[in-house]
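# Structural overview for review
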Amino acid sequence: MRRVFSGIQPTGNLHLGNYLGAIRDWVRMQDEAECLFCVVDLPAITVAQEPKGLRAGIREMTAALIAAGLDPDRCVLFNQSAVRVHAELAWVLMCTARMGWLNRMTQFKEKSGKDREGASVGLFTYPVLQAADILAYKATHVPVGEDQKQHLELARDIAAKFNNDFGVELFPLPEPVIEGPATRVMSLRDGSAKMSKSDPSDAARINLTDSADTIAQKIKRAKTDPEPLPSEAAGLAGRPEAANLVGLMAALSGQSVAQVLAERGGQGFGTFKPALAELMVATIAPITERFNALRHDATTLDAVLAAGAAKARAIAEPVLAEVHRAVGLAE
């Protein structure tokens, strides 16, 4: 059985990068596999959070995911902290993971910066919690971006070591799912940097809550170069901003990069950018409308999360029981 697990943090609105890089594939996967989608709220508290703001963020992200196309009747949609198996399994897996493995994780180095000694222990160990998120459901596939492959490799290492240490075949080794022409959407202001909600410039990203006018202005001001579009993909070499915009057009239109360039090669950005903005607006406007209708309906959102958590517990609790028996915590 193909079982897919993926998670997204509750901080900040969805932007075009994570929509094209993951969410749109999640929507398709709902009908192709057993899918669990998790608002991963526990890693959020590795840094200071305002409690009411965190709870609001969980609900808003749930609303955004539903607006983007996730259907709670076709998948399991829940928040991580509502299923205690995640935290309990993480402790067992921390006793399996090795310090050397975590010391090699690049994300801790990036997020802790020069204040490694002042960073929380949770920031250092949360990749093990990520592994527990996946392994609690015996997930076989995990949609990831190129920059997240290291975390999935850690989950595979932990699963293999646990199976070997206790002489069991309890955990499958989850495989990455990396698909589509825009699996890594770059900043509109810097083609060498990933589009991110943490970028201080809102002009660097297209939020799924942006108005049509805002989207048009951001695309108009997106960094490019003075050359027209080439007719073949090889002509995008050394032109990261041009490659990013062409990749967006391809992803949004359902074409390949080669098809976009065959159709639009020779165009200047004065022609190409308005066409791209129009396509973005057509894609994003229905999502924004659904999101705004749902975002303040706490009763409905809490009910969706509670129902999803009940489904998730029904899968994860028997797995934790197997783990307890394997390590000797239960008969």
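Going by the structure above, here's the rest.
Notes on the structure follow. Just so you know, these numbers come straight off a predicted model, no measurement behind them.

The rules behind these values
- Residues numbered from 1 in each chain as written.
- Predicted model: local features only at pLDDT ≥ 70, side-chain atom pairs only at ≥ 80, totals over all residues.
- Heavy atoms only, no water.
- Helix = DSSP H or I, 4+ residues; strand = E, 2+ residues; numbered from the N terminus.
- Expected span 1.5 Å × (residues − 1).
- Buried < 20%, exposed > 50% of the residue type's maximum accessible area, 1.4 Å probe, protein only.
- Core = buried A, V, L, I, M, F, W, Y, C linked by side-chain atoms within 4.5 Å.
- Contact = heavy atoms within 4.5 Å.
- Salt bridge = Lys/Arg side-chain N within 4 Å of Asp/Glu carboxyl O.
- Polar contact = N/O pair within 3.5 Å; in protein donor to acceptor, adjacent residues only side chain to side chain.
- Bend = angle between axes of the 7 residues up to and from the residue.

## A word on helix α11 (residues 269-294)
In an α-helix there are 3.6 residues to a turn, and that puts residues three or four apart on one side. The end-to-end C-alpha distance of α11 is 36 Å, a good match for the 38 Å that 26 residues give at a rise of 1.5 Å each. All of the buried residues along α11 are Phe269, Phe272, Lys273, Ala275, Leu276, Ala277, Met280, Ile284, Ile287, Thr288, Phe291 and Leu294.

## Here's the deal with the nonpolar core
Formed by 61 residues in total, the largest nonpolar core has its most connected members in Leu16, Leu65, Leu248, Phe272, Leu276 and Met280. It is α11 that provides the largest number of residues to this core, a total of 10 residues. Setting aside residues no more than four positions away along its own chain, methionine 280 makes contact with Leu16, Ile206, Ile215, Ile219, Leu248 and Leu252. Within the second largest apolar cluster, 46 residues are counted, among which are Val128, Ile158, Leu170 and Val323.

## Regarding the pattern of salt bridges
Applying the stated criterion across every chain, the model contains 17 salt bridges. A salt bridge links arginine 74 to aspartate 71; its shortest N-O distance comes to 3.9 Å. The exposure class of arginine 74 is partly exposed, given its relative accessible area of 34%. The exposure class assigned to aspartate 71 is partly exposed, which follows from its relative accessible area of 23%. Arginine 239 is the partner of aspartate 225 in a salt bridge, and the nearest nitrogen-oxygen pair spans 2.7 Å. Separated by 14 residues along the polypeptide, aspartate 225 in the loop between α8 (212-220) and α9 (240-253) and arginine 239 in the loop between α8 and α9 bring together distant segments of the chain. Residue class for arginine 239 comes out buried when judged on its relative accessible area of 12%. Taken together, the shared-partner salt bridges in this structure form one network comprising Asp202, Arg205, Asp210 and Lys218.

## Some details on the side chain of threonine 140
With respect to the element layout, threonine 140 can be found in the loop between α6 (121-135) and β4 (141-143). With relative accessibility at 17%, the residue threonine 140 sits in the buried group. Looking at threonine 140, its side chain comes within polar contact range of the side chain of histidine 141, at 2.8 Å. Those residues within four positions of threonine 140 in sequence are excluded, and the remaining contacts are Met1, Arg2, Arg3, Leu173, Pro174 and Glu175.

## A few points about α6
The end-to-end C-alpha distance of α6 is 22 Å, a good match for the 21 Å that 15 residues give at a rise of 1.5 Å each. Of all the bends in α6, the largest measures some 40° and sits at proline 127. Buried residues of α6: Leu123, Phe124, Thr125, Tyr126, Pro127, Val128, Leu129, Ala131, Ala132, Asp133, Ile134 and Leu135, and no others.

## Overview of the environment of leucine 294
The residue leucine 294 is located in helix α11 in this model. Separated by 20 residues in the primary sequence, leucine 294 and proline 274 have C-alpha atoms spaced 30 Å apart. For leucine 294, the residues in contact, after removing those within four places along its chain, are Ala63, Ile66, Thr300 and Leu301.

## Describing the environment of phenylalanine 162
By secondary structure assignment, the location of phenylalanine 162 is in helix α7 (residues 149-166). Distance from phenylalanine 162 to cysteine 95, taken between C-alpha atoms, is 9.5 Å for residues 67 residues apart in sequence. With sequence-adjacent residues up to four places away left out, phenylalanine 162 is seen in contact with Val92, Leu93, Thr96, Val168, Leu170, Phe171, Val323, Ala326 and Val327.

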